[in-house]
Amino acid sequence: MPLTPRARLRPLSLVLLGTALVATGCGSGDDGGAGGGDADLTVVAGFYPLEYATQRVAGDTGAVEVVGLTSPGVDPHDLELTPRQVGTVQSADLVVLSGGMQAALDDAATSQAAEHTLDVNDVVDLASTGDVEHGGEDHGDHAEDDHAGKDDHEGHDHGGVDPHFWLDPDRYSAAVGAIADELAGLDPDHAEDYRANATAFQEELAALDEELAAGLADCRIDTVVTTHTAFGYLTDRYGLHQVGITGVSPDSEPSPARMAEITHVVQDAGVDTIYSEVLLGGDLAQVIADETGTEVLVLDPVEGITDASAGSDYLEVMRSNLEALRQGQDCS
Ligand SMILES: [Zn+2]
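Residues numbered from 1 in each chain as written. Predicted model: local features only at pLDDT ≥ 70, side-chain atom pairs only at ≥ 80, totals over all residues. Heavy atoms only, no water.

## Considerations on unusual backbone geometry
Within the chain, Val302 stands out as a residue other than glycine whose phi angle is a positive 50°. The topology assignment puts Val302 in the loop between strand 8 (295-298) and helix 10 (314-328). The exposure class assigned to Val302 is buried, which follows from its relative accessible area of 0%. Phi angles above zero are rare outside glycine, and Asp330 is one such case at about 55°. Along the chain, Asp330 turns up in the segment after helix 10. (Helix = DSSP H or I, 4+ residues; strand = E, 2+ residues; numbered from the N terminus. Buried < 20%, exposed > 50% of the residue type's maximum accessible area, 1.4 Å probe, protein only.)

## Some remarks on the state of the cysteines
Enumeration according to the criterion identifies one disulfide in this entry. Here Cys219 engages in a disulfide with Cys331; their sulfurs sit 2.1 Å apart. One disulfide, between Cys219 and Cys331, carries an S-S torsion of 95° and so falls in the right-handed class. Here Cys219, found in the loop between helix 6 (191-215) and strand 5 (223-226), pairs with Cys331, found in the segment after helix 10; they are 112 residues apart in sequence, far enough to count as distant. For the residue pair Cys219 and Cys331, the accessibility class agrees, reading buried in each case. (Disulfide = S-S within 2.5 Å.)

## As for the sheet that holds strand 4 (residues 117-119)
Strand order in this open sheet of four strands is 2-1-3-4, and the pairing throughout is parallel. In this open sheet, the two strands that pair with only one neighbour each are strand 2 (64-68) and strand 4. Put simply, the sheet's adjacent strands are angled 20° from each other on average, direction ignored. Of the pairings in the sheet, the one linking strand 1 (residues 41-45) to strand 3 (residues 94-97) comprises three bridges and is parallel in character. Following the sheet pairing, Ala45 is matched in strand 3 by Val96. Across the sheet, helix 5 (residues 169-186) lies against strand 1, strand 2, strand 3 and strand 4, angled at about 175° from strand 3, the strand it touches most. (Pairing = 2+ DSSP bridges. Axes fitted to C-alpha atoms, helices over the stretch in contact; angles between N-to-C directions. Contact = heavy atoms within 4.5 Å.)

So this is what it looks like as structure tokens:
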């Protein structure tokens, strides 16, 4: 359901504001302590990696309720918000999003939560997608600061910026630090906990980064053919080269010409593995694989965790991605 008309949101938000005031009676004052059931802060996170990072920073303080807007198994690029979720965005203490990733949330945050939104893109160094997938050398200077993100047309215009920063543990780590800063500012009583939890998680990310660097240091095949173009930060960081079948949003249908082009890339680069995704199904990857006599492995963009995921959290799925890449790229 479209959320665009403002006139529609306004009465709703007044009602919600009213009930929120009645329900919480203005939370300052009573520090319910850990485990009292009701958290001090409600933080809304746009999609899984933001949700997981916020949970890790909150740790076991019991002070933060983290609300993920994107259900497991739903493509976060396609997020649509129910009126109730818009209300949650409005009444939250903090909304954590990545501008350009989820247009519906960008809109709701701009109109309902402008004064309590953290856009992690403010601290994460996002790169232009350029035309990575068209075989040009894209290493070089990216136009970093063209923040076209604010006025997304409908559909999935990423303003030419690749939103998948969490697939690079170093960029993800920067977002974790920003989330900790925000929580510390909102809840000074637990500031030290938030910073300590963030540091511990950042150390785990640094360890993951080292494993990826070591595991992908010596690969026979450096072209990584993926379904949706989500892995540019990861491949750039570890000396590989991504060719995506669809764009940065998975729902753009590739043309027959594009499919033919990919087939040629696969043959020319000696690729013998095409990567599919859990959430997308393997269809496109399978078509290319059948055409080229290659095999299909799963590479997970960690946009959500489901029973089908190869791990129960970000770190586990990233390690299974490492294994898939080591096998598919023939790394020693
Ligand atoms: Zn994506």
